[in-house]
Amino acid sequence: MTTRLTVAQALVRFLAAQYTERDGVRQRLISATWGIFGHGNVAGLGQALVEYGDEMPFHQGRNEQSMVHAAVGYARQSNRLSTHAVTTSIGPGATNLVTGAALATVNRLPVLLLPGDIFATRVADPVLQQLEVPYAGDISVNDCLRPVSKYFDRVTRPEALIPAALQAMRVLTDPVETGAVTLALPQDVQAEAHDWPDEFFAERTWVVRRPGADPTELAEAVQAIRAARRPLVIAGGGVHHSRAEEALAEFAQTTGIPVASTQAGKGSLRHDHPQDVGGVGHTGTATANELARQADLVIGVGTRYTDFTTASGTLFAEDGVRFLNLNIAPYDGHKLAGMPLVADARSGLAELTEALQMHAHRVTGAYVDEYTLDKERWEQRVDACYEADEPDIRPTQPQVLGALDALVDESDVVINAAGSLPGDLHKLWRARSRDQYHLEYGYSCMGYEIPAAIGVKMAAPDRNVWALVGDGTYLMMPTEIVTAVQEGIAIKLLLIQNHGYASIGGLSETVGGERFGTAYRYQSDDGTYTGAPLPVDLAANVASLGMRVLRAKTVRDLRAALEEARAADTPTCVYVETETADTVSGAPPAQAWWDVPVAETATRPSAVKARELYERHVSTRRRHL
């Protein structure tokens, strides 16, 4: 039996029938589609989404990149078991997907991209917005998506949709391979009819596997842990993706091994768990980083070991330090010349715990006492950063976080991605639940926070979802505020104004750049931006997009505004201007180095001094072989 439908109609019906299942829980794989329509998709996918609107919910976006961010936020909150599709026209609509696709793939989060494409039949050539490539007739701007997609196909014939769609679902549901998946759809093919086998539209369930460890690798891992004097776990995002938090807690409690976390892994243990020692790496805590420097065995669980985590190869300084990498991806399991333990994080941790319990293995009491005391000292530093003795003055950025920290509970979700906030949050934030801390720091994409908050709120409608945004990030991509207002998605926006790119400004100063071009100020006669602050009213801009705004001038105002926003059932923004680190003490400085190369030759004293310091740090870098 067959059914005659257009390619676009067939694709929508197919997507509506796809499910995932893990641990006996079954859910829709593609639960909705985002779209902005143009001539490249309006008559194909646009018509199909109208035709089958009862099967495929639709959300209207304002920017193609931000639609991908919303889908990614939804996918992360859904533990990668459900995601959204995103459809665009050809040309700029399609190329706007590239940044979002890169973010999804870098963070190993599934999203389905459906950009329109030029005519497959070439009857209209060049079509509006077509990039003409003289040396190749089969290239369009959609080929920009190839390097940032985990799977790419161009469906140039109706018959090609079936294998392409099945391969797309395979990659989206593969815990090793997942990321952005692109099916480029020529606009003429989208509207072309074909007789489809009815089996193509039958419900299909994709089982997300939990592979266990190889017995030989497991035995070697147990031996390495038992031989270690100062082991340290580094929990990455894979702990969350696997829902391995309870397994990690049991492993840590059983063995006494302390657990540090990457940006993606923070919250793997609650902040008050005895074995949690906070963030690790360049933005980490002094406690975790000192443990890392002296560790003789580093147990990475679901981490990619980015340069922020390894302090650009300078953090793990102990002679003879070894790495044991529990990861579902063999590529990550072999990093830093480590012993691979290729397995699902939950399965692998459970197997390790069981094996170590048989030997009654536990680290020494002296080691536990050491990191427990260091953690208490760090928490005192956090308290000092959060404390605001004078509630009627303008807050510092850490004091803003402290006011939010005092208000939220484990049901709140805090989202951030770029600027100076990730460093402060990684050091200071006290994660109360497995998914409260939502940092996109694999791609650290400015503009992610607001659309991602919308996606998270869609996935968790009963949670309070906070998008923490600086002025630089806000100006990159505020447009999805309109979407939140339109659909009544009650996200909370905490907008912090510090008049510039504060994070890069600080970095610029340390590498001899003297904060050039990082402040939001009028240009001076010498070409630098050192004049008066710009008279930009971001709160008024937020209000103009339809969101309710609460302005806070002091710490006291801020506390009241945050409480009011948290109770609101409509999209609400809290706007606050902060004191800068130049005038008021902020978060503790970096507790580990990060390699940003400094000019090798320069005449300005700041750059010369920065180069001298850089060379001292570089001399401590090591290759782990």
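Fair warning: this is a prediction, and the values are worked out from it, not measured in the lab.

Criteria and thresholds
- Residues numbered from 1 in each chain as written.
- Predicted model: local features only at pLDDT ≥ 70, side-chain atom pairs only at ≥ 80, totals over all residues.
- Heavy atoms only, no water.
- Core = buried A, V, L, I, M, F, W, Y, C linked by side-chain atoms within 4.5 Å.
- Buried < 20%, exposed > 50% of the residue type's maximum accessible area, 1.4 Å probe, protein only.
- Contact = heavy atoms within 4.5 Å.
- Axes fitted to C-alpha atoms, helices over the stretch in contact; angles between N-to-C directions.
- Helix = DSSP H or I, 4+ residues; strand = E, 2+ residues; numbered from the N terminus.
- Parallel < 35°, antiparallel > 145°, perpendicular 65-115°, else oblique.
- Left-handed = near helix turned anticlockwise from the far one by under 90°.
- Nonpolar A, V, L, I, M, F, W, Y, C, P; charged D, E, K, R; others polar.
- pLDDT = per-residue confidence, 0-100.
- Pairing = 2+ DSSP bridges.
- Salt bridge = Lys/Arg side-chain N within 4 Å of Asp/Glu carboxyl O.
- Expected span 1.5 Å × (residues − 1).
- Polar contact = N/O pair within 3.5 Å; in protein donor to acceptor, adjacent residues only side chain to side chain.
- Patch = residues over 30% accessible without salt bridge, like charges linked within 9 Å, V, L, I, M, F, W, Y side chains within 5 Å.
- Areas by Shrake-Rupley, 256 points an atom, 1.4 Å probe, with all protein chains shown as cover.
- Phe/Tyr/Trp six-rings, centres within 6.5 Å; stacked < 30°, edge-to-face > 60°.

**Q** How should I be thinking about the nonpolar core in this particular structure?
**A** Residues Ile 225, Phe 251 and Ile 299 are the most contacted members of the largest nonpolar core, which totals 53 residues. With residues near it in sequence (within four places) discarded, Phe 251 still touches Ile 225, Val 233, Ile 257, Ile 299, Leu 349, Leu 352, Thr 353 and Leu 356.

**Q** Whenever I open this one, the packing of helix 3 (residues 64-77) against helix 5 (residues 97-106) confuses me. Can you help?
**A** The contact between helix 3 and helix 5 brings their axes to 7 Å, and the two run at 25 degrees. Regarding the angle of helix 3 to helix 5, the classification is roughly parallel. Along this stretch, helix 3 crosses helix 5, giving a crossing that reads as right-handed. In this structure, helix 3 contributes Glu 64, Gln 65, Val 68, His 69 and Val 72 to the contact, and helix 5 contributes Leu 97, Thr 99, Gly 100, Ala 101, Leu 103 and Ala 104. Tallied by class, the residues present in the contact of helix 3 with helix 5 amount to six nonpolar, four polar and one charged.

**Q** Sorry, what's going on with the confidence of the model for the protein chain here?
**A** Caution is warranted with low-pLDDT regions, since their predicted coordinates should not be read in detail. Across the protein chain, the average pLDDT comes to 95, with 99% of residues at 70 or higher. Considering only residues more than four positions removed or in separate chains, one finds that residues 581-585, a stretch of pLDDT under 50, has four contacts.

**Q** Quick question: what am I supposed to make of the environment of Gln 27 here?
**A** Along the chain, Gln 27 falls in strand 3 (residues 25-28). Separated by 179 residues in sequence, Gln 27 and Trp 206 have C-alpha atoms that sit 10.0 Å apart. The residues touching Gln 27, leaving out its near neighbours within four places in the chain, are Gln 18, Tyr 19, Thr 20, Leu 81 and Ser 82.

**Q** In this structure, what is going on with the sheet that holds strand 13 (residues 259-261)? I would like to understand it.
**A** Within a beta sheet, neighbouring strands are joined by backbone hydrogen bonds and run either parallel or antiparallel to one another. Taken together, the six strands give an open sheet; going across it, the order is 14-13-12-15-16-17, and neighbouring strands pair in parallel fashion. The sheet is open, and its two edges are formed by strand 14 (276-279) and strand 17 (339-342), each paired on a single side. Strand after strand, the sheet turns through a mean of 20 degrees between neighbouring axes, direction not considered. As defined by bridge partners, strand 12 (residues 231-235) adjoins strand 15 (residues 297-301) across five bridges and the pair is classed as parallel. If you follow Ala 235 over to strand 15, its bridge partner there is Val 301. Most of the contacts of helix 10 (residues 245-255) go to strand 12, to which it runs at about 170 degrees, and overall it touches strand 12, strand 13 and strand 15.

**Q** Any chance you could explain the environment of Phe 308 here in plain terms?
**A** Counting through the fold element by element, Phe 308 comes out in helix 12 (residues 307-310). Judged by its relative accessible area of 12%, Phe 308 falls in the buried class. Those residues in contact with Phe 308 that sit more than four places away from it in its chain are Val 280, Gly 281, His 282, Thr 283, Tyr 441 and Trp 594.

**Q** Would you take a moment to explain the pattern of salt bridges for this structure?
**A** Side chains carrying opposite charge are able to pair once their charged atoms draw close together. Counted by the stated rule, this structure contains 37 salt bridges. In this structure, the salt-bridge partner of Glu 192 is Arg 157, at a minimum N-O distance of 3.2 Å. You can see Glu 192 sitting in the loop between helix 7 (187-190) and strand 10 (193-197) and its partner Arg 157 sitting in the loop between strand 8 (151-154) and helix 6 (161-172), a full 35 residues away along the chain. Judged by its relative accessible area of 41%, Arg 157 is partly exposed. The salt bridge involving Glu 245 is made with Arg 243; its shortest N-O contact spans 3.6 Å. By relative accessible area, Glu 245 is classed as buried at 8%. Taken together, the shared-partner salt bridges connect Arg 243, Glu 245, Arg 434, Asp 435 and Arg 463 into one network.

**Q** Would you explain unusual backbone geometry in this entry?
**A** Most peptide bonds take the trans form, and the phi angle of most residues other than glycine is negative. Cis geometry is found at the peptide bond from Asp 125 to Pro 126, where omega equals 5 degrees. Topologically, Pro 126 is positioned in the loop between strand 7 (111-117) and strand 8. One non-glycine residue with positive phi stands out, namely Ser 444, at about 45 degrees. Inspection of the secondary structure puts Ser 444 in the loop between strand 19 (437-439) and helix 18 (449-459). When its relative accessible area of 27% is taken as the criterion, Ser 444 is described as partly exposed.

**Q** Teacher, can you tell me more about helix 10 here?
**A** Residue pairs three or four apart in sequence face the same way in an α-helix, which turns once every 3.6 residues. Along helix 10, the residues classified as buried are Glu 245, Ala 247, Leu 248, Ala 249, Phe 251, Ala 252 and Thr 255. Summarising the contacts, the buried residues of helix 10 are in contact with helix 8 (215-227), strand 12, helix 9 (237-241), strand 13, strand 15 and helix 14 (345-358). Gly 256 lies just past helix 10 and shows a positive phi near 75 degrees.

**Q** It is not clear to me how the environment of Ser 619 should be interpreted in this structure. Could you clarify?
**A** Here Ser 619 lies in the segment after helix 24 (605-618). According to the relative accessible area criterion, Ser 619 is exposed, its value standing at 58%. Taking the C-alpha atoms as reference points, Ser 619 and Thr 314, separated by 305 residues in sequence, lie 9.0 Å from one another.

**Q** Would you mind going over helix 14 with me for this structure?
**A** Over its 14 residues, helix 14 extends 20 Å from the first C-alpha to the last, a length consistent with the 20 Å expected when each residue adds 1.5 Å. Within helix 14, the full set of buried residues consists of Ala 345, Ser 347, Gly 348, Leu 349, Leu 352, Thr 353, Ala 355 and Leu 356. Buried residues in helix 14 make contact with helix 8, helix 9, helix 10, strand 15, strand 16 (322-327) and strand 17. Near the N-terminus of helix 14, the side chain that reaches the backbone nitrogen of Arg 346, with its oxygen 3.0 Å away, is that of Asp 344. Looking one or two places after helix 14, you find Ala 360, whose phi comes out positive at around 50 degrees.

**Q** Any chance you could explain a nonpolar patch on the surface here in plain terms?
**A** Side chains of Phe 37, Val 42 and Phe 58 sit close together on the surface and give an oily, nonpolar patch of about 240 Å² of accessible area. Locating Phe 58 in the fold gives a position in strand 5 (residues 58-60). Residue classification places Phe 58 among the partly exposed positions, given a relative accessible area of 32%.

**Q** How do you make sense of the packing of aromatic side chains when you look at a structure like this?
**A** Pairs of aromatic rings are described using the distance from one ring centre to the other and the angle between the two planes. For the structure on display, the rule yields 11 aromatic pairs. Centre to centre, the rings of Phe 37 and Phe 58 are 5.4 Å apart; their planes meet at 20 degrees, and the pair counts as stacked. Of this pair, Phe 37 sits in the loop between strand 4 (30-35) and helix 2 (42-51) while Phe 58 sits in strand 5; the two residues are 21 residues apart in sequence, bridging distant segments of the chain. Each ring, one from Phe 308 and one from Tyr 441, has its centre 5.2 Å from the other, and the planes form 70 degrees; the classification is edge-to-face. Highlighted residues: Phe 308 in helix 12 and Tyr 441 in the loop between strand 19 and helix 18, separated in sequence by 133 residues. Residue classification places Tyr 441 among the partly exposed residues on the basis of a relative accessible area of 21%. Among the aromatic residues, ring-to-ring pairing joins Phe 14, Trp 196, Phe 200 and Phe 201 into one connected group.

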